[in-house]
Amino acid sequence: MGAAKWPVLTAYDQDHLAHAAMPLGGIGTGTVSLGGRGDLRDWEIVNRPAKGFTPRDCFFVLRTESGGKTDLRALEGLIEPEFYEGRDGCRAANHGLPRFRKASFACAYPLGQVTLSDPAVPLKVRLEAFNPLVPADADASGIPAAVLRFVLTNPTGKAVKATVAASLLNFIGADGRNGTIGWADIPHVTAACKQNRNRFRTGGGVQGLYMDSRGVEASSEQWGTMALATTASAGVSYTLGRQGLNDFWTDLRDDGRLTNQPSRGDTPIGALAVSLTVPPGSEKGVTFLLTWRYPNRMGWGIGNNDGGNVGNYYAVQYKDAWDAAVKTAAALPDLERRTVDFVTALCNTPVPPEVKEAALYNISTLRTQTSMRTPDGRLFGWEGCCDRVGCCQGSCTHVWNYEHVTGFLFGDLAWTMREVEFVHMTRDDGFMNFRTPLPLTFPVQWGVAAADGQMGALMRLYRDWQLSGDDSRLKELWPKARKALEFAWQEKGWDPNKDGVMEGAQHHTLDIEYFGPNPLTGVWYLGALRACEEIARYLGEADFAASCADLFARGSSWLDKNLFNGEYYEHKVVPPGRLENTIPGLIWNRKRTDLRNPGGQLGKGCLCDQLVGQYTAHVCGLGYLLNKANVRKTYASLMKHNFREDFFEHLNVSRGFALNGDKGLLMCTYPRGEQPKDFSGCYTECMTGFEYSAAIGMLQEGLTAQGLKCIKAIRDRYDGRTRSPFNEAECGHHYARAMAAWAALTTLTGFAYSGVTGTMTFGAIEGTSLWSNGYAWGTCTQKRSGKGVKVELKVLGGTLKLKTLKITGMGEFARRESRDLQSGQTYGVRQP
């Protein structure tokens, strides 16, 4: 134990704790968040978001006894002043408990450490909290558990008797929808807590409280089980149904042990304690496991028909919360080691800290209620989360297009999304619904094809094929993928004259249609043409590959010639005039769209993500889609026209993600005038997913200082004092688009991988860098020696197919045949 074994990427002092909330939980399991002062907040484990939901009587306390003095207080830092005022006084949960005077928070997600001290307490405390996160192992990264280890350090010259105790309310039946316990105003959403029960269990290396319910309907979304267990083998005491806070406090203060009382009432409060002695000058740890299982997830929950129970993958892995605790405890040393190895490798990568922070902390979105896994293992996602419900359902293609965490860390999960898009959401004519219903057999509610989403899905198919080298999956999806591209060529569609330029009604990520040629959808289209050209050629479809290549060349040339204004790419607005001039399903709201004078058009605006297709093409290894000089100039112009050093004088007519002294990259500006009267309100916002795509594009073009400035501006906004470092919002909390940040790491390290050819590439970057292709991960160490370089490639997890290792600008090292490197193996070479 000890802070030395856990890496620290960011440290937050006492003035930056109020909004720090690190989600603890696995992929598709929901989370409970560790607050910066050591509290547990936002209990979002019951199949839905629940921001602000902190059930009463859920806390940890420390009792110490030394030199005849006894002290008892919550294992939390002081409540921040912003929570002082409310209808009943302080709004913070459990506000009446004594607390530690000093607190700080250190983190390298998912490893969070809260340090507590107080002159009246003889021990110093470090809470080490985490949930396993291991690349290429979605099951190890999908455990419904929060691991909480309290490390007690005794700096005094006397032994200190100590007890760490946890209090937990059995709130099964409630999910935070209405913020209350024990009653419901919307029966199908929030079941009542009824006849809940606490029991003590032991075995499998743990002992503690198991919580279930005999009264909540087993078919309810809020029905499930919870467990609070400890790995301690001695000094354990408990109560199944503690009484009021004063009685609990008195009982624990007396001798440091809990007196068992029976479980009673609909919401019994259980408590679990571990007593120990900490010798002078030493430290000891107490580990608790908080686990849960809520098996009944209900579709997307849209409208009156939510599609029924689609279930949870993690509920198939564990028969109940106690099973999750036992299995987690048994594997805990290995799970912690692998998590620490991954995080340490990332933290040691020689790139700026803001890049590592953005890449690492946004992984948390995969483990919040933004993401879910159905029992068949498929991954689905909202766009983000509202306070009580998911926001914008359906694994929306034009949002998830931007992110690369899933592909590079969990390749098999990424493939499930491609399979859903092309097998289930693409019609025989190539029309792809950009929002997926749940269950998949449920009628499609959103019969709209998104130009950016559909073209981006083709690029992600290419990415996932390259990272995996899985020809069989590619061949299975290719027929529908080809149809998805050919759909653009239909009469009255996106490119009916097959000139490589999108022209028709192009629905896109701002939930409007652009009419006429524009860079946003136009460049996505070019990227899809390049991806399909490469796939078709590999599969022996030479004629189709040639057709794609021809369209790409003509379209690329046209955009450079007709849309580039010398600084950036503009939009030539061409209204369709009448509905019959477009294919049904290309316009989001046909009744409200004025097709003679459509609103929300870009026109001469300088759009933040106008080159998002180019950014994605570089991540995928597809090269330049437009003139290289024009691309670089566009990114320089974005920095010139859209970056704000502050927002004191900026008029924002929409949502506020950057305020006052914040810095950020605006969605759109009109440096040449001619701003439309009915422009999109989103243009005046700063949204991190868009900012990342632009910033990484700058990095790709060698505008390193500018790109890093944009990324640092984002992370400075999410500093714990004003916003949570683990919750970059857009249309809801924990927004999926922000996971685009991972590509900044691959860009600066120059990492690329093709499982098709067995080729791994790195930039010439001295030091030890993390790499991950979604199926294996490890480190690459480069050491310069004169004009040569020594390279050592380590595999720390998974199996890597390797034939050629390239260091950009230094040469390549090729074997006659591919070699499968297993976890723990090293491949070393020297050049010259």
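Note: the structure precedes this text.
1. What to know about the side chain of T684
Consideration 1: With respect to the helices and strands, the residue T684 is situated in the loop between β27 (668–669) and α14 (688–700).
Consideration 2: On the accessibility criterion, T684 (10% relative accessible area) is buried.
Consideration 3: At 3.1 Å, the side chain of T684 and the backbone nitrogen of V653 are in polar contact.
Consideration 4: In this view, T684 contacts H650, L651, N652, V653, S654, L666 and F679; residues no more than four positions away in its chain are not counted.

2. Brief notes about the nonpolar core
Consideration 1: Ranked by internal contacts, the top residues of the largest apolar core, which has 253 residues, are F288, F342, L485 and W742.
Consideration 2: No other element matches the 13 residues that helix α3 (residues 321–348) contributes to this core.
Consideration 3: F59, L252, A271 and A273 belong to the second largest nonpolar core, which has twelve residues in total.

3. Describing the pattern of salt bridges
Two side chains with opposite charge may pair up if their charged atoms get near one another.
Consideration 1: Within the structure shown, the criterion is met by 58 salt bridges.
Consideration 2: Residue D88 pairs with R87 through a salt bridge whose shortest N-O separation is 3.2 Å. Across the pair, R87 and D88 agree in class, each one exposed.
Consideration 3: One salt bridge connects E812 with K806, and the closest N-O pair in it is separated by 3.9 Å.
Consideration 4: K806 sits in the partly exposed class, given a relative accessible area of 33%.
Consideration 5: Here the salt bridges share partners, and the residues they tie into one network are R37, D39, R41, E76, E80 and R99.

4. With respect to the sheet that holds strand β35 (residues 826–831)
Consideration 1: Strand order across the open sheet formed by four strands is β30-β31-β32-β35, with antiparallel pairing between neighbours. The strands lining the two open edges of the sheet, one partner per strand, are β30 (767–772) and β35. Strand after strand, the sheet turns through a mean of 20° between neighbouring axes, direction not considered.
Consideration 2: Here strand β32 (residues 788–798) pairs with β35 via six bridges, running antiparallel. Across the sheet, residue V789 finds its bridge partner in β35, namely Q831.

5. Some words on the pairing of strand β7 (residues 102–108)
Consideration 1: Counting buried residues in β7 gives five out of seven residues, a clear majority hidden from the surface.
Consideration 2: In terms of strand pairing, β7 meets strand β8 (residues 111–117) through seven bridges, oriented antiparallel. Residue C107 lies in a different strand from β8, and its bridge partner there is G112.
Consideration 3: Joining the antiparallel neighbours β7 and β8 is a turn of two residues.

6. Details of the environment of R737
Consideration 1: If you trace the backbone, R737 turns up in the loop between α15 (704–717) and α16 (742–749).
Consideration 2: Taking the C-alpha atoms as reference points, R737 and V501, separated by 236 residues in sequence, lie 26 Å from one another.
Consideration 3: Sequence-distant contacts of R737, that is, excluding residues within four places in its chain, are made with H398, V399, Y402, T509, G689, F690 and E730.

7. Considerations on the environment of N518
Consideration 1: Residue position: N518 is located in the loop between β23 (513–515) and α10 (519–538).
Consideration 2: As a C-alpha pair, N518 and L559 span 41 residues in sequence and 8.2 Å in three-dimensional space.
Consideration 3: Beyond its immediate chain neighbours, meaning those up to four positions away, N518 contacts Q506, L563, E570 and H571.
Consideration 4: A polar side-chain atom of N518 sits 3.2 Å from the main-chain carbonyl oxygen of G516.
Consideration 5: For N518, the side chain forms a polar contact with the main-chain nitrogen of T521, separated by 3.0 Å.

8. Description of the packing of aromatic side chains
Each aromatic ring pair is characterised by the separation of its centres together with the angle its planes make.
Consideration 1: For the structure shown, the criterion picks out 27 aromatic pairs.
Consideration 2: Plain terms: the ring middles of F59 and F248 are 6.1 Å apart, the flat faces sit at 70° to each other, and that makes the pair edge-to-face. Of this pair, F59 sits in strand β5 (residues 59–66) while F248 sits in helix α1 (residues 245–255), and the two are 189 residues apart along the sequence. Across the pair, exposure class does not vary: F59 and F248 are buried alike.
Consideration 3: For the pair W478 and F544, a centre-to-centre distance of 6.0 Å together with 75° between the ring planes defines the contact as edge-to-face.

9. Regarding the sheet that holds strand β29 (residues 759–762)
Consideration 1: Spatially, the four strands line up as an open sheet ordered β28-β29-β33-β34, and their pairing is mixed. Only two strands of the sheet have a single partner each, and these edge strands are β28 (752–754) and β34 (811–821). Across the sheet, the mean angle separating the axes of adjacent strands is 15° when strand polarity is ignored.
Consideration 2: Pairing of β28 with β29, which is carried by three bridges, proceeds in the antiparallel orientation. The residue bridging Y753 from the neighbouring strand is M760, located in β29.

10. Here's the deal with the packing of helix α12 (residues 612–620) against α14
To describe two helices that pack against each other, one gives the angle between their axes and the distance between the axes.
Consideration 1: It is at 9 Å that the axes of α12 and α14 come closest, and there the two elements cross at 55°. Judged by the inter-axis angle, α12 sits oblique to α14. Classified by chirality, the crossing of α14 by α12 is left-handed. Across from V612, Q614, Y615, H618 and V619 in α12, the residues of α14 making contact are S693, I696 and Q700.
Consideration 2: In terms of residue class, the contact of α12 with α14 is made up of four nonpolar, four polar and no charged.

Parameters at a glance
- Residues numbered from 1 in each chain as written.
- Predicted model: local features only at pLDDT ≥ 70, side-chain atom pairs only at ≥ 80, totals over all residues.
- Heavy atoms only, no water.
- Helix = DSSP H or I, 4+ residues; strand = E, 2+ residues; numbered from the N terminus.
- Buried < 20%, exposed > 50% of the residue type's maximum accessible area, 1.4 Å probe, protein only.
- Polar contact = N/O pair within 3.5 Å; in protein donor to acceptor, adjacent residues only side chain to side chain.
- Contact = heavy atoms within 4.5 Å.
- Core = buried A, V, L, I, M, F, W, Y, C linked by side-chain atoms within 4.5 Å.
- Salt bridge = Lys/Arg side-chain N within 4 Å of Asp/Glu carboxyl O.
- Pairing = 2+ DSSP bridges.
- Axes fitted to C-alpha atoms, helices over the stretch in contact; angles between N-to-C directions.
- Phe/Tyr/Trp six-rings, centres within 6.5 Å; stacked < 30°, edge-to-face > 60°.
- Parallel < 35°, antiparallel > 145°, perpendicular 65-115°, else oblique.
- Left-handed = near helix turned anticlockwise from the far one by under 90°.
- Nonpolar A, V, L, I, M, F, W, Y, C, P; charged D, E, K, R; others polar.

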